[in-house]
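# Examining the three-dimensional arrangement
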Amino acid sequence: MTRTGSSVVVGVDPATAFAVSQSTGATRLRWDPFIHEQHFLDGATAPGKGVRTQTRHRSGLRMVSEYVSYNPPTNVGMTMVQGPWFFASFAGGWRFAPEPDGRCRATWRYSFTCRPSWLAPLAERVGAVVLRRDIDRRIAGFARGCADPVVVAAVGARDA
């Protein structure tokens with residue numbers, strides 16, 4: 001299994017950072033450069049363990065993911081149920097830890113394996129570079145979202 005990740009310190013508390021990371025709709029599109037469209041499946045209206053989502057990347061690739069953990073405000077994890085043919089497995093997760101100054105360190109990680117197996121060693125090396133670039137862009141967008149008063153107000157209103 002190949003792993004890659006990125007972290008950033010943001011100027012909000014872990015609960016707010018967690019809420020931003022799990023935002024949906026227009027709020028999510030405001031900060032996440034990866035997503036073109038995302039919605040809950042099976043009648044779900046909010047994230048939680050066992051909830052499935054469908055996400056369409058800006059390139060058109062689609063993935064159905066399922067929450068395997070959902071522990072506000074500390075961590076969340078998802079695994080691919082269906083996705084691009086070249087992933088044998090794919091998972092992602094967030095961790096949120098308070099900093100001594102009241103800010104929050106957010107860490108986002110991906111774990112994946114590629115197929116076909118004969119090509120996996122090369123594909124996973126290339127995939128690690130591509131996905132690291134992607135996750136760096138996404139976490140930079142997340143940091144901008146945590147500093148965006150519109151995003152912070154939207155996730156605060158949802159929790160109220």
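Here the structure is a predicted model, which means the values were calculated and not measured. For every chain, the first residue of the written sequence is number 1, and numbering continues from 1 onward in sequence order. The model is predicted, so local features are restricted to residues of pLDDT at least 70 and side-chain atom pairs to those at 80 or more, both for listing and for counting; the totals for chains, interfaces and linings are taken over all residues. With hydrogens and water stripped out, all remaining heavy atoms of the structure feed into the side-chain values.

This next bit is on the pattern of salt bridges. Any Lys or Arg side-chain nitrogen found within 4 Å of a carboxyl oxygen on Asp or Glu counts as a salt bridge. Summed over the entire model, instances satisfying the criterion amount to 8 salt bridges. Where Arg138 meets Asp32, a salt bridge forms, and the shortest distance between an N and an O atom there is 2.6 Å. Linking Arg138 in helix 3 (residues 120-147) with Asp32 in the loop between helix 2 (25-31) and strand 2 (35-40), this pair joins segments that are 106 residues apart in sequence. Type-normalised accessible area, obtained with a 1.4 Å probe on protein chains alone, sets the label of each residue: buried when under 20%, exposed when over 50%, and partly exposed for intermediate values. Since its relative accessible area comes to 6%, Arg138 is described here as buried. Only DSSP runs of H or I reaching four residues or more are called helices, and only runs of E reaching two or more are called strands; each is numbered from the N terminus.

Think of a pair of aromatic rings as described by two things: how far the centres are apart, and how the planes are tilted against each other in angle. In summary, the pairing rule links any two rings of Phe, Tyr or Trp, Trp by its six-membered ring, whose centres are within 6.5 Å, and it sorts them by plane angle into stacked for under 30 degrees, edge-to-face for over 60 and tilted for everything else. All chains considered together, the criterion is met by 14 aromatic pairs. Summarising the aromatic geometry, the rings of Phe18 and Phe96 are spaced 5.6 Å apart at their centres and angled 65 degrees between planes, so their arrangement reads as edge-to-face. Separated by 78 residues along the polypeptide, Phe18 in helix 1 (residues 14-21) and Phe96 in strand 6 (residues 87-98) bring together distant segments of the chain. Between Phe87 and Phe112, the ring centres sit 5.9 Å apart and the planes meet at 75 degrees, which makes this aromatic pair edge-to-face. Of this pair, Phe87 sits in strand 6 while Phe112 sits in strand 7 (residues 104-114), and the two are 25 residues apart along the sequence. Since its relative accessible area comes to 8%, Phe87 is described here as buried.

This next bit is on the environment of Ala147. Note that Ala147 resides in helix 3. For the pair Ala147 and Val12, spaced 135 residues apart in sequence, the C-alpha to C-alpha distance is 8.0 Å.

Here a patch means residues that are over 30% exposed by relative accessible area and free of salt bridges, tied together within 9 Å if like-charged and within 5 Å if nonpolar (Val, Leu, Ile, Met, Phe, Trp, Tyr). All accessibility values rest on the Shrake-Rupley procedure with a 1.4 Å probe; residue burial counts only the protein chains present in the view. A cluster of nonpolar side chains, Trp118, Leu119, Leu122, Val126 and Val130, forms an exposed patch at the surface whose accessible area comes to about 510 Å². Positionally, Leu122 belongs in helix 3. For Leu122, a relative accessible area of 45% corresponds to the partly exposed category.

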